[in-house]
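# Tertiary structure, described
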Amino acid sequence: PKLWERVNHFSLYNQTGVSLRQMVEHGRRQSPMTILQAGQFLSEELPVRLAHRVKELDELPNGLNDMPSIVRVKEWYAQSFQELVDFPKPQLPDSITKQLANSISQNPMNLSSSTPNPSLSEEAESHEDGRHDVDAKASKERMRKRALALAEDSSNGNSGNGNGLRKRIPIENRYYADHANIKQVPPEVTDYNEQFTRCLEQIKKRHDAVVTTVAQGVLEYKRANQGKNIQADVQRFLDRFYMSRIGIRILIGQHIALARTPANDRAAAGRVGALSGAGADGEEPENYVGIICTNTNVGAMAREAIENARFVCEEHYGLFKGPPVQLICPKNLTFMYIPSHLNHMIFELLKNSLRAVVERYGVENEDHYPPIKVIVVEGQEDITIKISDEGGGIPRSEVPLVWTYMYTTAQSEDLDPDFQASDFKAPMAGFGYGLPLARLYARYFGGDLKLISMEGYGTDAYLHLNRLSTSAEPLP
Ligand code: W6P
């Protein structure tokens, strides 16, 4: 069938949300068989999600859909969609198919399903998961990578055999078969896992530059429509689009991280340090399920983000010492989260506070900056991180603009034809996407990000993180 028809077809299906807890439960029982199941889930779920995005990009209003960068991004989504739907189904020996079928039929929830049942998949977004280096050079490189990592992300990927989508089963009714009884993993399974993982890796990479490229599309639109304003439309679209991208990249990242774990991956078995996320501050690798850390240490994450943000600030303004940052945090406060996301959000907020303070007091007053205060508290429902600066605040009327993608004063970038996408997220540069994206990351797992500013004094940012981790995945 024609690509466009297939996209239309897949876009008729609802996307299936996956919670953090579901990912961890499935990912914990990892074996080549559960990776296979996860792959089968992804090979139908990802094409559905991608198809929705292709349609939305195609239907953007007022000619935004015709901007060259938007068209490019749409082509990436369509290409990835196609690779997934063309990906061959695993050809398994009958004995395995039967065992899979048995384990499924034992689950009453699943009797309605006509097909072998996919299960959850995993993902991982292994950015750098914050480790400490003492070394400034390493730290600088890390910053650079971190800055870039956010500017990109990507998405997708999965298989799906082309045509006939099966009936979709609500995620809560999907059964995660225990395949422990399948002792001999047939080579067909490991081969399929390897091929599928490679497919996902390629797709993830293809979509690395989506955020910067879409941002460029928006700039193209602004240039083409001097002053004309569809800000509300664009804003809503971008929130949905980037939110979707976060989810897709988590799914893909988790799958890759689990599949590349030595136990499941012959290729990784010999490698050292192949476990996706072990790391900072002496956490044990056992705390990680793919990219998810079940004991993410909030204080440790905050300390690292503080160190990184101050470093970037010092570099940017040429300071010997950036504004001091005080951290108050319960000892050993941990919860289940994706450490790179937490790190990113805190880092982003701190950069804004540091900038406000330095610009209010001036680089010449570097010995007299008022401290930025980071307070972490633990409630029943949320862990909340408040970051308070005395950077002078912003007028109440301007607070909503902080969350908009079109509100970039970035004239220089706008007008510079040689502006490189890779410069997009240069530390401290503040192209204006940092805060809206940080809020999407917060909301993605049921949290939120709010700003209260006192014009003439300073700003408080409240980062709410939901502890329950059961919240449903938001699906645009
Ligand atoms: C400001 C503006 C801002 C945005 C986000 C976080 C902190 C701050 N401080 O002055």
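Please refer to the structure higher up on the page.
So, here's what we can say about the structure. Computed from a predicted model, the values in this text were never measured in an experiment. The residue numbers shown here count from 1 along each chain, following its written sequence. With pLDDT at 70 or above as the cut-off, local features in this predicted model cover only qualifying residues; side-chain atom pairs require 80 or more to be listed or tallied, and sums for whole chains, interfaces and linings still use all residues. Neither water nor hydrogens contribute to the side-chain values; these are computed over all heavy atoms in the structure.

## A closer look at the overall build of the chain
Per the secondary structure count, the chain includes 14 helices and eight strands. Burial here depends on accessible area, computed with a 1.4 Å probe over protein chains only, as a share of the maximum for the residue type. Under 20% is buried, over 50% is exposed, and the range in between is partly exposed. Going through the 476 residues of the chain one by one, you find that 59% of them count as buried. What makes two residues a contact is simply this: any of their non-hydrogen atoms within 4.5 Å. Taking contacts inside the chain between residues at least 6 apart in sequence as the whole, the part at least 24 apart equals 84%. Reported accessibility uses the Shrake-Rupley method at a 1.4 Å probe radius. Residues are deemed covered only where the shown protein chains occlude them. Counting only carbon and sulfur atoms, one obtains 52% of the accessible surface of the chain, whose full area is about 19,900 Å². Here a strand is any run of E in DSSP of at least two residues, a helix any run of H or I of at least four, and the numbering for each starts at the N terminus.

## Structural notes on the packing of helix α8 (residues 210-224) against helix α9 (residues 231-259)
One way to put it is that α8 packs onto α9 with a least axis distance of 12 Å and a crossing angle of 170°. Between α8 and α9, the interaxial angle falls into the category roughly antiparallel. Every residue of α9 that contacts α8 at Val210, Val211, Val214, Ala215 and Val218 is listed here: Val234, Leu238, Phe241, Tyr242 and Arg245. Following the grouping adopted for this structure description, the nonpolar residues are Ala, Val, Leu, Ile, Met, Phe, Trp, Tyr, Cys and Pro, the charged ones are Asp, Glu, Lys and Arg, and the polar ones are all others, Gly among them. Among the residues making up the contact of α8 with α9, the classes are represented as nine nonpolar, no polar and one charged. Comment: axis = line fitted to C-alpha atoms, over the contacting stretch for helices; angle = value between 0 and 180 degrees taken between N-to-C directions. Put simply, angles under 35 degrees are roughly parallel, angles over 145 are roughly antiparallel, angles from 65 to 115 are roughly perpendicular, and the rest are oblique.

## Quick notes on unusual backbone geometry
With glycine set apart, most residues show a phi of negative sign, and most peptide bonds adopt trans. For asparagine 62, which is not glycine, the phi torsion reads 60° and is therefore positive. Relative to the helices and strands, asparagine 62 is located in the loop between α3 (32-58) and α4 (68-85). The phi angle at asparagine 332 is positive, at roughly 55°, despite the residue not being glycine.

## So, the sheet that holds strand β4 (residues 334-337)
Strands were regarded as paired on the criterion that DSSP finds at least two bridges between them. Strand order in this open sheet of three strands is β1-β2-β4, and the pairing throughout is antiparallel. The sheet terminates laterally at β1 (288-289) and β4, the two strands that pair on one side only. Looking at chain direction, strand β2 (residues 292-297) and β4 are connected through three bridges and run antiparallel. Within the sheet, the bridge partner assigned to cysteine 293 lies in β4 and is tyrosine 337. Lying on the sheet, helix α11 (residues 298-317) is in contact with β2 and β4; it crosses β2 at an angle near 80°.

## Quick word on the pattern of salt bridges
The term salt bridge refers to a side-chain nitrogen of Lys or Arg lying within 4 Å of a carboxyl oxygen of Asp or Glu. Under the counting rule described, the total for this entry stands at 16 salt bridges. Here glutamate 194 ties to arginine 260 by a salt bridge, and the two come within 2.7 Å at their closest N and O atoms. Placement of the pair is glutamate 194 in helix α7 (residues 187-206) and arginine 260 in the loop between α9 and α10 (266-269), with a sequence separation of 66 residues. Neither residue differs from the other here; glutamate 194 and arginine 260 are each classed as buried. Bridged by salt links that share partners, the residues Glu194, Arg198, Glu201 and Arg260 form one connected network.

## Some points on the site of the ligand
Think of it this way: one heavy atom of a residue within 4 Å of a molecule or strand is enough to make that residue near it. In the neighbourhood of the ligand, the contacting residues comprise Asn352, Ser353, Ala356, Asp389, Leu435, Leu451 and Thr459. With respect to the ligand, the side chain of aspartate 389 contributes an N or O atom lying 2.8 Å from a nitrogen atom. Two N or O atoms count as a polar contact when they lie within 3.5 Å, although within protein this holds only if one can serve as hydrogen donor and the other as acceptor, and sequence-adjacent residues are included solely when both atoms are side-chain atoms. Within the side chain of threonine 459, an N or O atom sits 3.5 Å from an oxygen atom of the ligand. In the complex, 92% of the free accessible area of the ligand, which totals 270 Å², lies under the protein chains. Classifying every residue of the shell around the ligand gives three nonpolar, three polar and one charged.

## Details of the environment of valine 325
By the secondary structure assignment, valine 325 is in strand β3 (residues 325-328). The buried category is assigned to valine 325, whose relative accessible area is 19%. Residues in contact with valine 325, not counting those within four places in the same chain, are Ile306, Arg310, Leu350, Leu354, Ile372 and Val374.

## A few points about the sheet that holds strand β7 (residues 448-454)
Strands sit in the order β3-β5-β6-β8-β7 across an open sheet of five strands; the sheet is mixed. Among the strands making up the open sheet, the edge pair consists of β3 and β7. Here the average twist between neighbouring strands, direction ignored, is 15°. Lying over the sheet, helix α12 (residues 339-361) contacts β3, β5 (372-378), β6 (382-389), β7 and β8 (458-466), oriented at roughly 20° with respect to β6. Against the sheet, helix α14 (residues 434-444) makes contact with β7 and β8, and its axis sits at roughly 135° relative to β7, the strand it touches most.

## Quick notes on the packing of α3 against α9
The contact between α3 and α9 brings their axes to 11 Å, and the two run at 160°. As far as their axial angle goes, α9 and α3 are roughly antiparallel. For the element pair α3 and α9, the recorded crossing hand is left-handed. For the pair formed by α3 and α9, the contact residues are Ile35, Ala38, Gly39, Leu42, Glu45, Leu46, Arg49, Leu50, Arg53, Glu56 and Leu57 on the first element and Phe237, Arg240, Phe241, Ser244, Gly247, Ile248, Leu251, Ile252, His255, Leu258 and Ala259 on the second. Looking at the contact of α3 with α9, its residues break down into 13 nonpolar, four polar and five charged. Crossings are classed by handedness, with left-handed meaning an anticlockwise turn of the near helix from the far one by less than a right angle and right-handed meaning a clockwise turn.

## Quick word on the state of the cysteines
Disulfides are defined in this document as cysteine sulfur pairs within 2.5 Å. Counted by the stated rule, this structure contains zero disulfides. Lacking any disulfide linkage, cysteine 293 is separated from the closest cysteine sulfur, that of cysteine 329, by 14 Å. You can call cysteine 293 buried: its relative accessible area is 0%. With a relative accessible area of 23%, cysteine 329 lands in the partly exposed category.

## Some words on the nonpolar core
We define a nonpolar core as any set of buried Ala, Val, Leu, Ile, Met, Phe, Trp, Tyr and Cys residues linked to one another through side-chain atoms lying within 4.5 Å. Counting residues in each nonpolar core, the largest one holds 112 residues, and the members touching the most others are Tyr242, Leu342, Leu350, Ile385 and Leu463. Here this core takes 15 residues from α9, the largest share from any one element. Those residues in contact with tyrosine 242 that sit more than four places away from it in its chain are Val211, Val214, Ala215, Tyr405, Tyr433, Leu437 and Leu440.

## Brief notes about the packing of aromatic side chains
The pairing test for Phe, Tyr and Trp rings, Trp by its six-membered ring, is centres within 6.5 Å, and the orientation test on the planes gives stacked under 30 degrees, edge-to-face over 60, and tilted for anything in between. One pass over the structure, following the stated rule, counts 13 aromatic pairs. Plain terms: the ring middles of tyrosine 242 and tyrosine 433 are 6.1 Å apart, the flat faces sit at 65° to each other, and that makes the pair edge-to-face. Of this pair, tyrosine 242 sits in helix α9 while tyrosine 433 sits in the loop between α13 (411-415) and α14; the two residues are 191 residues apart in sequence, bridging distant segments of the chain. When sorted by exposure, tyrosine 242 lands in the same class as tyrosine 433, which is buried. Taken together through their ring pairs, the aromatic side chains of Tyr77, Phe237, Phe241, Tyr242, Tyr405 and Tyr433 make up a single cluster.

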